[in-house]
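Observations on the three-dimensional arrangement
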Amino acid sequence: MSKSWEEINARIASGEAAVMTAEEFGALASAEGVSEAARTVDVVTTGTFGPMCSTGAFLNFGHSDPPIKMGTITLNDVPASGGLAAVDTYLGATEPSTMHGIEYGGAHVIEDLLRGRAVRVKATGPGTDCYPRTEIDTYVTLDDLNQAYLFNPRNSYQNYAVAVNTGDRVLYTYLGTLLPRLGNATYCSAGALSPLLNDPTYRTIGVGTRCFVAGAPGYVAWEGTQHNPNQQRDEHGEPVSPAGTIAVIADLKQASPDYFSAATLAGYGVSAFVGIGIPIPVLDEDLAATLALTDADLTATVFDYGVQRRSRPALRQVTYAELRSGEIEIEGKRVPTGPISSLPVARRIASELKRWITEHRFTLAPPLQPLPQPGSQGFKPLEIRTEEAI
Amino acid sequence: MARKRLDLTFPPRQATKAITYHLVKDFDLVPNILRAQIQPGQEGRMLLELTGGQAEFEAGVAFLRSEGVEVHEAASDICLDVERCVVCGLCTAVCRPGALTLAEGTADLVFDKDKCVYCEACVVACPRRAVMLRF
């Protein structure tokens, strides 16, 4: 059995496509077999909603009169980049406010814009013949901006670490608060619903893939930063620790605060929950086999964050079904687990994307260029060198 | 009868004093230690529920203050702002008494207030600042 992109898109356009979420597809495959599921289903939708720090937005303010070449820029006291053209900026999600620290940051500004709230823009510039103004203090809403688009350099990690702490003090991390002496374990993946775990070798997800980004139709723009296809893989070809990533782009004006939520991780910093959903065409039975995998088939590696080094000790591997049970065993101890990635919202995203395809005839785009495949580039560390050593 | 939850902070030098003994013996108060972290030579914290007569309660608190213990009224209620909550589940990872859990299957957040000891770990951990205290 095999289907082409064109056949699937024709079925979407005519309203005949059979679309299921990855969870529904897994249940169908387990009841009727992978072959039958592959034959009857055209598209499987995925979804994930976890904190994704490498997120931000490009904004263009338009020109004031007289105009200004913005050098230092803040939005609600959150610094944004002044390193672009006169009234362009990039606002990073993790940038903390100069007034409120990590309680309010770039992600909160983006969420406020999405909620239609006015945001205070303050900027200074050098004053030039073409841009004579040196200071500006004004308010803008999302509607006022010429362009506002999310460009997130690293989203939707293919699998992630499970974090524990064998040390004797509480740790505040990007994976949440880790209680001492294996007091808890936190994890961050949508498991069976996770986009890149459903297409582990990036056969259908590449540059140009149309997808769901924070409630807006968007695209995979490039491989994500730290994309590492060479992680250890299991018998299904699935990586057992953090591997592939994608960079995504989408119009902020079409995004929704239902699928973009600012976050403050205690003792760590600002981040943003970003909703990502990718539709995957059921091209053949090989692809169907990975689409059919459930939380019981997918594995993550438990790392000890008590060791504050780049390479943390791996303690064991666990399945997502074990993690979702609320308790795992590590070194003979029963350790309570808690997620950071929202399963209910991931499910909503997969269902919403399914609705886009069936009701709005959202068609699929084959990759214009594949993501780097297993066996290609790796993930390099940053070595600390002196000038003399270069 | 009064029943109040108090948040006590012990300066390092007081951290080993048997204050609950004195609250029972001298003030006829019934202490219920909800949470405590006290180590010799370090600042300590105790979440203490006290039950007893109003006059005894006030005298007991005055005694604690005279001993150098910082006394604050602890939250009397804790509530979840469902509009802000994104049901990530991070609060369940820090909730030792198991008051916050995710429902099997739906993964919806379930808050069993009877199990809550008002330790406030969820308030700090919640990335959405959706768990709030009422005094």
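Residues numbered from 1 in each chain as written. Chains lettered and ligands numbered in written order. Predicted model: local features only at pLDDT ≥ 70, side-chain atom pairs only at ≥ 80, totals over all residues. Heavy atoms only, no water.

1. Thoughts on the sheet that holds strand S1 (residues 19-21) of chain A
All names here are of chain A.
- On the basis of which strands lie adjacent, the open sheet formed by three strands has the order S1-S2-S23 and mixed pairing. Each end of this open sheet is capped by a strand with a single partner; those strands are S1 and strand S23 (279-281). Sheet twist, expressed as the mean angle between neighbouring strand axes with direction ignored, is 25°.
- The strands touched by helix H8 (residues 343-359) are S1, strand S2 (43-45) and S23; relative to S1, the strand with the most contacts, the crossing angle is about 175°. (Pairing = 2+ DSSP bridges. Helix = DSSP H or I, 4+ residues; strand = E, 2+ residues; numbered from the N terminus. Axes fitted to C-alpha atoms, helices over the stretch in contact; angles between N-to-C directions. Contact = heavy atoms within 4.5 Å.)

2. Considering the domain arrangement of chain A
Residue and element names in this part refer to chain A.
- As far as domains go, chain A holds domain 1 (5-52 + 151-370) and domain 2 (62-145).
- Of note, the centres of domain 1 and domain 2, computed from C-alpha atoms alone, are 33 Å apart.
- With 19 residues of domain 1 at the interface, the matching set in domain 2 holds 18 residues.
- Buried surface at the junction of domain 1 and domain 2, both sides included, amounts to about 1,400 Å², of which 70% is carbon and sulfur.
- A per-residue breakdown of the area domain 1 buries against domain 2 is headed by Leu252, Lys253 and Val270, which together make up 40% of the total.
- Applying the counting rule to domain 1 against domain 2 returns zero salt bridges.
- Counting across the interface, domain 1 meets domain 2 through five residue pairs in polar contact (both at pLDDT 80 or more).
- Listing elements by their share of the side of domain 1 that touches domain 2, those giving two or more residues are strand S12 (147-155), strand S21 (260-265) and strand S22 (269-277). (Domains from an automatic or database assignment. Buried area = accessible area lost by both parts, 1.4 Å probe. Salt bridge = Lys/Arg side-chain N within 4 Å of Asp/Glu carboxyl O. Polar contact = N/O pair within 3.5 Å; in protein donor to acceptor, adjacent residues only side chain to side chain.)

3. Regarding the sheet that holds strand S2 (residues 30-37) of chain B
Residue and element names in this part refer to chain B.
- Pairing in this open sheet of four strands is antiparallel, and the strands run S2-S3-S1-S4 from one edge to the other. Where the open sheet ends on each side, the last strands, each with one partner, are S2 and strand S4 (70-73). If you compare each strand with its neighbour and ignore which way they point, the axes differ by 25° on average.
- Both strand S1 (residues 2-10) and S4 contribute to a ladder of four bridges, which runs antiparallel. Counted as the bridge partner of aspartate 7 is histidine 72 from S4.
- Where helix H1 (residues 19-27) meets the sheet, it contacts S1, S2 and strand S3 (44-52), and its direction lies at approximately 15° from that of S3.
- Sheet contacts for helix H2 (residues 54-66): S1, S3 and S4; angle to S1, the most-contacted strand, approximately 0°.

4. Notes on the confidence of the model for chain B
- Confidence along chain B averages 88 in pLDDT terms, with 96% of residues attaining 70 or more.
- Taking the mean pLDDT of every element in chain B, the minimum, 84, falls on strand S8 (residues 131-134) of chain B and the maximum, 97, on helix H3 (residues 90-94) of chain B. (pLDDT = per-residue confidence, 0-100.)

5. Quick word on the interface of chain B and chain A
- The interface is formed by 20 residues belonging to chain B together with 29 residues belonging to chain A.
- With both sides pooled, the region where chain B packs onto chain A buries about 1,700 Å², and carbon together with sulfur makes up 56% of that total.
- For the pair chain B and chain A, the number of links is two salt bridges.
- The residue A:Glu103 makes a salt bridge to B:Arg129 at a minimum N-O spacing of 2.8 Å.
- Across the chain B-chain A interface, the total number found is 10 residue pairs in polar contact (both at pLDDT 80 or more).
- If you tally residues by element for the side of chain B that touches chain A, the top one is H3(B), at four residues.
- By residue class, the composition of the side of chain B that touches chain A is 12 nonpolar, four polar and four charged. (Nonpolar A, V, L, I, M, F, W, Y, C, P; charged D, E, K, R; others polar.)

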